[in-house]
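Residue-level structure breakdown
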Amino acid sequence: MATIQSDILSAFCKASSTFRSVPRSIVFCRLISSPHRPSFRLRAFTNGGGGESSSPAAVKLPEKPSICTADELHYVSVSNSDWRLALWRYHPSPQAPRRNHPLLLLSGVGTNAIGYDLSPGSSFARYMSGQGFETWILELRGAGLSVNGSNSKDIQKSSQAISDRMEATSESASNSNGVVASEKELNNILDAISDKMESASKSASKSNGAVASEKELNNNSEAISESDTSSSLEVETGNGAVSEELTRLATVWDESKLVARLTETFMRLSERVSGFLSDNQSKIMSTKLLDQISKLLVDSPLYERFNEIRGKLSALLETGQNSGITNQITDLSQKLVKIIEESQLSVSPPLFDLQARFTSTIEDFQRQLDLMVKYDWNFDHYLEEDVPAAIEYIMNESKPKDGKLLAIGHSMGGILLYSMLSRFACEEKESRLAAVVTLASSLDYTSSKSTLKLLLPLADPAQALNVPVVPLGAMLAAAYPLSSRPPYVLSWLNTLISAEDMMDADLLKRLVLNNFCTIPAKLILQLTTAFRERGLCNRNGTFFYKDHIHKSNVPILAIAGDRDMICPPEAVEETVKLIPDHLVTYKLFGEPEGPHYAHYDLVGGRMAVEQVYPCIIEFLSSHDK
């Protein structure tokens, strides 16, 4: 069990191979946030400029997708971005006391609004609105129903597509086969992840982990069936002339696509992939790609010609973007493709899979670049752009008299609130927060035994290049059947989320299958600084949030769970002790004989409504002046 547990948790950190190991239906259900593959952008975060004038700053959908159980679904735009953030709105109960401030709920890393609203009978958000608070849940970029869209029609279409996919995932898990058909299938997935993690680690130790290993990059080519190869051989045996002509025609048919694909790949590297890569990292990536192509031609008489072209390409990529580089790269890409086709025709017998392997190498490399561009944000983007945009919108909608709101953050949501208070206090600015509640959150995990320490391998920026995203939602969905059904070989996964007997099985299922999303490596990279000396810092490493939290004058209620392995009580206490005593209240939930509280039990556990929620209401009410 210990070995399996170690493998699974490690897989959460190095999951690049999951995209090839987990069935496509699972992965794409989580990764694609719109029906169409996004085109490459020169900058992931644009300047807005004239584009914003033609699209609304905020949208309220007339029809909510069925996955949204709030009273209303709003969308707010983000400066310097095409993202439209989803805001779930819950109206206050008319029977409850009238409150002076709206309430904002922030979720954890890689999660959406569903964790706060699991069912009508177990809904943190509904409870708060039932107590009179106009309640809003923010879904950060990349989470839940947040989308890329320029108008109401696009937003409506994209959000409905996301909702349909999330519901399809739940239905798939409910049928007889489950998300993963059998224990054997999941074990195969875990074995593949483990093998490729080891391979990626070896590759990283040799080349700073810039890209995946040769085995990973050529994975698609290994999927070429023996039947296809054997059919080609039969054609050649029966009629050599026909075989040669068919090969030539196939080469001509694919050549333009290969040239375009290769040119686009090198152009992206030249443009530094939307700012994700430094000059040195871009050079490493291009070198690794050319190394993979080189290995395809190592036994070819055209190997020397390839090396000559490789040298010219490398020189062009190092010069950066200029007016003539596109044509030059296209020309050199054309020559590379020519070498591939000549190699295929010149070797006897022909290497029938050479073009397929070449194409596979380029496609895998492009897929990695696409992920870097699509998931190009970190913690500071949430802090500086997403949360402020949501607060401004809520203020305009709710119009509190003192211009403030109350806020509750779970896990990373609480870290965001701590970081806001620290940043504003340092700058001597008004935070616009009347009071804050953090659930299982800390700015410093160095003294704890948090399972999040397994993310530390991604603290190396080179590893972030090797693993652009961690598909947490897809991985948990894949593992769910074996954590919830006999022989329960992965039941220990549930204890990371909820303590034994603390969450209804159906609610836990909804949480696992619908609450988790894909996490950018850049986000994880920044969050891992919370495990270093001085704790969490900004993206540049110049501002340490715990150094200034004591300057804040905002009242804080910090809550911890006794069985929380993700944010243990000692981690919560590490931040609490930095806050002046008259401003902070610390509560630890859980008793020696039970009930116990794990990471999500503070929000959705069966005892939370009796023990945790009233504590929060009492605190918020005392500061709702």
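In this report, the structure presented in the accompanying data block is examined. (Residues numbered from 1 in each chain as written. Predicted model: local features only at pLDDT ≥ 70, side-chain atom pairs only at ≥ 80, totals over all residues. Heavy atoms only, no water.)

What follows is about the overall build of the protein. The number of helices and strands found in the protein is 24 helices and 12 strands. Going through the 625 residues of the protein one by one, you find that 58% of them count as buried. For the protein, the exposed surface amounts to about 25600 Å²; the carbon and sulfur share of it is 51%. (Helix = DSSP H or I, 4+ residues; strand = E, 2+ residues; numbered from the N terminus. Buried < 20%, exposed > 50% of the residue type's maximum accessible area, 1.4 Å probe, protein only. Areas by Shrake-Rupley, 256 points an atom, 1.4 Å probe, with all protein chains shown as cover.)

This paragraph deals with the nonpolar core. Counting residues in each nonpolar core, the largest one holds 124 residues, and the members touching the most others are Trp88, Phe379, Ile408 and Ile616. Per-element accounting of this core gives the leading share, 10 residues, to helix α15 (residues 379-398). Discounting chain neighbours no more than four positions away, the residues touching Ile408 are Leu103, Leu104, Leu105, Leu106, Tyr116, Phe124, Leu417, Val437, Leu439, Ile616 and Leu620. (Core = buried A, V, L, I, M, F, W, Y, C linked by side-chain atoms within 4.5 Å. Contact = heavy atoms within 4.5 Å.)

Once that is clear, we can look at the packing of α15 against helix α16 (residues 412-426). For any two helices packed against each other, the geometry comes down to the angle between their axes and how far apart the axes lie. Direction vectors running N to C along α15 and α16 enclose 85°, while the axes themselves pass 11 Å from each other. In terms of orientation, α15 and α16 fall into the roughly perpendicular class. Where α15 approaches α16, its residues Phe379, Tyr382, Leu383, Glu384, Val387 and Ile391 are matched on the opposing element by Met412, Ile415, Leu416, Ser419, Met420 and Arg423. Split by residue class, the contact of α15 with α16 holds nine nonpolar, one polar and two charged. (Axes fitted to C-alpha atoms, helices over the stretch in contact; angles between N-to-C directions. Parallel < 35°, antiparallel > 145°, perpendicular 65-115°, else oblique. Nonpolar A, V, L, I, M, F, W, Y, C, P; charged D, E, K, R; others polar.)

Within the secondary structure, His596 sits in the loop between β12 (584-589) and α23 (601-604). We classify His596 as buried; its relative accessible area is 16%. Side-chain polar atoms of His596 contact the side chain of Asp562, separated by 2.6 Å. A polar atom in the side chain of His596 sits 3.2 Å from the side chain of Arg563. Dropping the residues within four chain positions of it, His596 is found in contact with Ala499, Met502, Asp562, Arg563, Gly590, Glu591 and Asp601. (Polar contact = N/O pair within 3.5 Å; in protein donor to acceptor, adjacent residues only side chain to side chain.)

Our next topic: the pairing of strand β2 (residues 72-77). Most of β2 is tucked away: six of the six residues are buried. As judged from the three bridges shared by strand β1 (residues 58-60) and β2, these two strands associate in the antiparallel manner. Each bridged residue has a counterpart across the sheet, and for Lys60 the counterpart in β2 is His74. Summarising the sheet, β2 and strand β3 (residues 83-90) pair through six bridges and their orientation is antiparallel. Opposite His74, over in β3, you have Leu87 as the bridge partner. (Pairing = 2+ DSSP bridges.)

It is worth spelling out the packing of aromatic side chains at this point. Taken as a whole and assessed by the stated rule, the structure comprises 11 aromatic pairs. Judged by centre distance (5.2 Å) and plane angle (35°), the ring pair of Tyr445 and Phe531 falls under tilted. Taken as a pair, Tyr445 in the loop between β8 (433-439) and α17 (461-466) and Phe531 in the loop between α21 (521-527) and β11 (556-561) lie far apart in primary sequence, 86 residues in all. Note on Tyr445: relative accessible area 4%, which makes it buried. With centroids separated by 5.9 Å and ring planes inclined at 80°, the aromatic side chains of Phe516 and Tyr600 adopt a geometry described as edge-to-face. (Phe/Tyr/Trp six-rings, centres within 6.5 Å; stacked < 30°, edge-to-face > 60°.)

What follows is about the pattern of salt bridges. Where side chains of opposite charge bring their charged atoms close, a pairing between them can arise. With the rule as written, the count across this model stands at 15 salt bridges. Measuring nitrogen to oxygen at the nearest pair gives 2.5 Å for the salt bridge that ties Asp386 to Arg141. Pair noted here: Asp386 is in helix α15 and Arg141 is in the loop between β5 (135-139) and β6 (147-148), with a separation of 245 residues, a long-range link. Accessibility expressed as a relative area gives 1% for Arg141, which makes it buried. In this structure, a network of salt bridges that share partners links the residues Glu72, Arg89, Glu134 and Glu397. (Salt bridge = Lys/Arg side-chain N within 4 Å of Asp/Glu carboxyl O.)

For β5, the buried fraction is high: five of the five residues fall into the buried class. Judged by which residues are buried, β5 turns out to be covered on both faces: Thr135, Ile137 and Glu139 on one side and Trp136 and Leu138 on the other are all buried. As defined by bridge partners, β3 adjoins β5 across five bridges and the pair is classed as antiparallel. From the neighbouring strand, Tyr90 faces β5, where its bridge partner is Thr135. One ladder, built from four bridges, connects strand β4 (residues 103-106) with β5; its direction is parallel. Within the sheet, the bridge partner assigned to Leu105 lies in β5 and is Ile137.

As a further point, take the side chain of Ser422. The residue Ser422 is located in helix α16 in this model. Its relative accessible area of 0% is what places Ser422 among the buried residues. Contact partners of Ser422, with chain neighbours within four places excluded, come to Phe543, Tyr545, His548 and Ile549.

Moving on, we get to helix α22 (residues 569-576). Extensive coverage of α22 is indicated by the burial of six of its eight residues. Turning to α22, its buried residues number three or more, namely Pro569, Ala571, Val572, Glu574, Thr575 and Val576. In this fold, the buried residues of α22 make contact with α16, β11 and β12.

We now examine unusual backbone geometry. Gly594 connects to Pro595 through a cis peptide bond whose omega is 0°. Within the secondary structure, Pro595 is located in the loop between β12 and α23. With a phi angle near 55°, Ala440 is a residue other than glycine that sits in the positive phi range. Its place among the elements puts Ala440 in the loop between β8 and α17. The exposure class assigned to Ala440 is buried, which follows from its relative accessible area of 0%.

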